[in-house]
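One-letter residues, chain by chain:
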Amino acid sequence: MQRYKLTIEYDGTPFSGWQRQDDRLTAQGVLEAALSSFLAQPTEVFCAGRTDAGVHARGQVVHVDLPQPREPRQIIRGLNTLMLPHPVVVTHAETVSPDFNARTSAQRRHYEYHIVNRHARLAIDEWRAWYIRKELDIEAMREGAKHLIGHHDFNSFRSTQCQAKHAMRTLDTLDVQREGDRVIVRTSSKSFLHHQVRNLVGTLALVGHGKWQPDDVRKALEAKDRRAGGPTAPAHALYFMRVDY
C-alpha cells in the first residue's frame, strides 16, 4: 500500500458539510465515490478537519492508501474528471510516509472569514461572504481580537454541541484586515473547537458595530459560558485555507 496526501478545494454551497452521510451530498462522499471508481474498489479518506454545511475549502488535506503506486498527475486528472459536475477538485497529490496522518500530523490549521462591508447587496458573493451594510470599526475589532490570542478556555466560543473533551486551545493568530469593501478575518491554531471561528467572528462583529466595547470580548472569554459570547456568524463566508505539517 502507498499512502498519498491530497490537497482538496471545494465550494461548500451544495454540500451538507465535509463528512460522509448516507442520505446527503457531502464533499467527502463525492471524493470517496470518485476514488472508489478510480481504483475499482471501496476507498476511504481521512481529513485534516471536518467542515460544516456551506463552509468552503481552498486547502483541505486528506490522506488515502492506494493498493499500488500511481503518478500524482494521473491521480489528479482521474479524480477531477470523475468528480464532475460537483465543485470539488484535487489541487495537489504527493506520496507520504505510512505514518503520515492528515489530522494528527497537522501542526497548524488556517482559516479565513470574508465579510463584504458596503451599501450594495451581494450578487456574485451571496454564498461566499457575509454581507454587512453598516460600516465596521476595524480598529475596534482588532483591539477586541487581541484578548483572544494565546492559550485560553474558549468555552464561550464553542458550539453547545461541541464534542471536544475540553475547551482549552491556543489561538496563534487572529487578524482583521480591510481590503477595499471586504473585511477578512484570518486565524490559525493547531486545532479549533466546533463553530469556534464563526463564534469569534460573530463576537468581533458586535465590536465592529459598536454594540460591544473591545474589553467586552475579554469579559466574554473569562465567563467561560457560551451564553456570554457573541452570535455564530454564517457558515457560507468561512474558508478552510491550508494546513501546516
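Heads up: the structure comes first, above all this text.
Report on the accompanying structure. All values derive from a computational prediction rather than experimental measurement.

A separate point is the overall build of the protein chain. A tally of helices and strands in the protein chain yields five helices and 10 strands. For 245 residues, the compact-globule estimate of 2.2 N^0.38 gives 18 Å, and the protein chain sits close to it at 19 Å. Along the first, second and third principal axes, the C-alpha atoms of the protein chain reach 60 × 40 × 30 Å. Across the 245 residues that make up the protein chain, the buried fraction comes to 50%. Long-range pairs, those at least 24 residues apart, make up 70% of the contacts in the protein chain between residues at least 6 apart in sequence. When the accessible area of the protein chain is evaluated, it comes to approximately 12200 Å², of which 48% is carbon and sulfur surface.

Taken as a whole and judged by the stated rule, the model has 18 salt bridges. The partner of arginine 128 in a salt bridge is aspartate 11, with the nearest N and O atoms 2.7 Å apart. Here aspartate 11 lies in the loop between strand E1 (2-10) and helix H1 (27-39) and arginine 128 lies in the loop between strand E5 (108-117) and strand E6 (130-132), a separation of 117 residues in the sequence. Owing to a relative accessible area of 34%, arginine 128 belongs among the partly exposed residues under this scheme. Residue classification places aspartate 11 among the buried positions, given a relative accessible area of 17%. Put simply, aspartate 52 and arginine 198 hold a salt bridge, and the shortest N to O gap is 3.5 Å. Remark: arginine 198 occurs in helix H4 (residues 196-209) and aspartate 52 occurs in the loop between strand E2 (46-47) and strand E3 (56-66); sequence separation between them is 146 residues. If you follow the salt bridges from partner to partner, you end up with Arg20, Glu32 and Glu44 in one network.

Now for the side chain of threonine 26. Tracing the backbone through its elements, the reader meets threonine 26 in the loop between E1 and H1. At 3.0 Å, the side chain of threonine 26 forms a polar contact with the backbone nitrogen of glycine 29. Every residue in contact with threonine 26, bar those within four places of it in the chain, is listed here: Phe15, Ser16, Gly17, Trp18, Gln19, Arg20 and Gln21.

Turning to the side chain of arginine 158, a few remarks are in order. With respect to the helices and strands, arginine 158 occurs in the loop between strand E7 (150-153) and strand E8 (168-179). The charged side chain of arginine 158 is buried without a salt bridge, its nearest counter-charge being aspartate 153 at 6.3 Å. At a separation of 2.8 Å, a polar atom in the side chain of arginine 158 contacts the side chain of asparagine 155. At 3.1 Å, the side chain of arginine 158 forms a polar contact with the backbone oxygen of alanine 164.

An ideal rise of 1.5 Å per residue puts 18 Å on 13 residues; H1 measures up with 18 Å between its terminal C-alpha atoms. All of the buried residues in H1 are Ala27, Gln28, Val30, Leu31, Glu32, Ala34, Leu35, Phe38 and Leu39. Alanine 40 sits one or two positions beyond H1 and adopts a positive phi of about 60 degrees.

Inspection of the entire model under this criterion finds zero disulfides. Cysteine 47 carries a free sulfur, and the closest cysteine sulfur to it, the one in cysteine 162, is 15 Å from it. Taking the relative accessible area as the measure of exposure, cysteine 47 reaches 14% and is therefore buried.

Summarising the element assignment, leucine 84 is placed in the loop between helix H2 (72-82) and strand E4 (88-95). For the pair leucine 84 and valine 30, spaced 54 residues apart in sequence, the C-alpha to C-alpha distance is 9.3 Å.

Turning our attention to the pairing of E8. Where E7 and E8 come together, four bridges link them in antiparallel fashion. Paired with histidine 151 across the two strands is threonine 170, which belongs to E8. As paired elements, E8 and strand E9 (residues 182-189) share eight bridges and run antiparallel to each other. Note on E9: the bridge partner recorded for threonine 173 is serine 188. Linking two consecutive strands that pair antiparallel, namely E8 and E9, is a turn of two residues; a positive phi of about 70 degrees is found at glycine 180 within it.

Calculation rules
Residues numbered from 1 in each chain as written. Predicted model: local features only at pLDDT ≥ 70, side-chain atom pairs only at ≥ 80, totals over all residues. Heavy atoms only, no water. Helix = DSSP H or I, 4+ residues; strand = E, 2+ residues; numbered from the N terminus. Rg over C-alpha atoms; globule rule 2.2 N^0.38 Å. Buried < 20%, exposed > 50% of the residue type's maximum accessible area, 1.4 Å probe, protein only. Contact = heavy atoms within 4.5 Å. Areas by Shrake-Rupley, 256 points an atom, 1.4 Å probe, with all protein chains shown as cover. Salt bridge = Lys/Arg side-chain N within 4 Å of Asp/Glu carboxyl O. Polar contact = N/O pair within 3.5 Å; in protein donor to acceptor, adjacent residues only side chain to side chain. Lys, Arg positive; Asp, Glu negative; His and termini not counted. Expected span 1.5 Å × (residues − 1). Disulfide = S-S within 2.5 Å. Pairing = 2+ DSSP bridges.

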